[in-house]
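Residues per chain are reported as follows:
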Amino acid sequence: MNSHPKTLTILGATGSVGQSTLDLIRRNPNDFKVIALTAYSKVEELAAAAREFSAEFAVIGDARLLPQLRDALSGTSIAAGAGPNALVEAAERNAAIVMAAIVGAAGLAPTLAAVRRGATVALANKECLVCAGDLMMHEVKAHKATLLPVDSEHNAIFQVFDFEAGKAVDRIILTASGGPFRETPLEALKSVTPAQAVAHPNWDMGAKISVDSATMMNKGLEIIEAYHLFPVERGQIDVLVHPQSVIHSMVEYVDGSTLAQLGSPDMRTPIAYCLAWPGRMTAPVKRLRLEDIGQLTFEAPDLEKFRCLALAMEALSTGGAAPAILNAANEIAVQAFLGGKLGFLDIAAVVEETLAAADMKAPQSLTSVMAIDEEARRTARAFADRMAAKS
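Summarised in this report is the structure supplied together with it. (Residues numbered from 1 in each chain as written. Predicted model: local features only at pLDDT ≥ 70, side-chain atom pairs only at ≥ 80, totals over all residues. Heavy atoms only, no water.)

Let's shift gears to the environment of V211. Relative to the elements of secondary structure, V211 occurs in helix 9 (residues 207-215). Along the chain, V211 and F344 lie 133 residues apart, while their C-alpha atoms are 9.0 Å from each other. V211 has contacts with A197, V198, V334, F337, L338 and I347, leaving out every residue within four places of it along the chain. (Helix = DSSP H or I, 4+ residues; strand = E, 2+ residues; numbered from the N terminus. Contact = heavy atoms within 4.5 Å.)

Moving on, we come to the pairing of strand 4 (residues 79-82). Regular strands have side chains that alternate between both faces of the sheet. Bridge analysis of strand 3 (residues 57-60) against strand 4 gives four bridges, and the strand direction is parallel. Bridging from a neighbouring strand, A58 pairs with A80 of strand 4. The handedness of the strand 3 to strand 4 crossover, carried by helix 3 (residues 66-72), is right-handed. (Pairing = 2+ DSSP bridges. Right-handed = clockwise from strand over helix to strand, strands pointing away.)

Inspection of every chain in the model, using the stated rule, returns seven aromatic pairs. Taken together, a centroid distance of 5.5 Å and an interplanar angle of 55° make the contact between F158 and F163 tilted. Classification of F158 as buried rests on a relative accessible area of 17%. By relative accessible area, F163 is classed as partly exposed at 42%. Ring-pair connections join several aromatic residues into one group, and the members of that group are F158, F161, F163, F230 and Y273. (Phe/Tyr/Trp six-rings, centres within 6.5 Å; stacked < 30°, edge-to-face > 60°. Buried < 20%, exposed > 50% of the residue type's maximum accessible area, 1.4 Å probe, protein only.)

Taking 1.5 Å of rise per residue, 17 residues should cover 24 Å, and helix 14 (residues 322-338) covers 24 Å from first to last C-alpha, within 8% of that figure. With 15 of its 17 residues buried, helix 14 lies for the most part within the structure. Immediately downstream of helix 14, the backbone of G340 shows phi near 85°, a positive value. (Expected span 1.5 Å × (residues − 1).)

You can see K208 is positioned in helix 9. Of the polar contacts made by the side chain of K208, one reaches the side chain of D212; its length is 2.6 Å. Contact partners of K208, with chain neighbours within four places excluded, come to E127, N330, E331, V334 and L338. (Polar contact = N/O pair within 3.5 Å; in protein donor to acceptor, adjacent residues only side chain to side chain.)

Scope: geometric values only; no functional claims are made or implied.
Structural data, given as structure tokens:
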């Protein structure tokens, strides 16, 4: 680590990635200085973290909660803000590293703001590249920002991808745990409950991301992300189900070599890699002991059972607005499932219906991305309501 502390902003400080980031900072207090922290609605948690780490600025996404945040920060010099504009302001503050961990389309504008000032962005928000990949990567290049992937799979690829010899790469292989329903028959998935869907066998994640893992939509979104993050063609990205979640992803080269990054399933490893990059820092994760694991297994994904994965692959091939529409429809469908309105298999059905009804014209700006997102949400909500009424 550097002798001077790195300045850091965390967008989404109360989520699972944000909390893991704060845990690492807490263990390395002399290496980091927190500039800004944001959250959507957890006022007390946000204020407590801002106080603990002496942040300069704390932002609550829900503007109605600003009075509560101000009360929670009374007696400190920490500035308080609220709403979308304040989230952007937090990203624009002069932190060397921005941890972009706001879930959903709400993370687009602040992440883009950090990119446009040339920051090092540790990207944990899938939607930035899924919904606006071409736009985001154009801005990264134009403003000489550094994009470091936080997702364990993309972080693994980043660690073993030879960017100096990209043409020597044959394919990249994203590994997937298969989620809690890997061995569940398709027919049985009709009766899956939200509680069952969020019970991931390996990872501790939020409810929405856990459901995405259960449907394997998360892996579909990761395919789209990988296409933008790495200099490969669409056909050079594969998925392999690996239940132990020890190999986090692989890169296969033209000479037959396959390089893999391995580790215990703990998000603090890829987060630590991003925080310390281009060096490394100690992380309090369980050390990998292959002799204790004994066996690693692999299988091809079942695209019939996990229809969401197939839909994401199709969206990448279609291009244009399709990935953004896919993402928006999935968010609405997952929300309806978690709320008890839809069945588990209805998630894919809503996404498929929304894609079939949409205009695939590519977005040219963040404004057009958001317009596509809003329209897709309206369409998906109508389909979800119709399905719920029939059940």
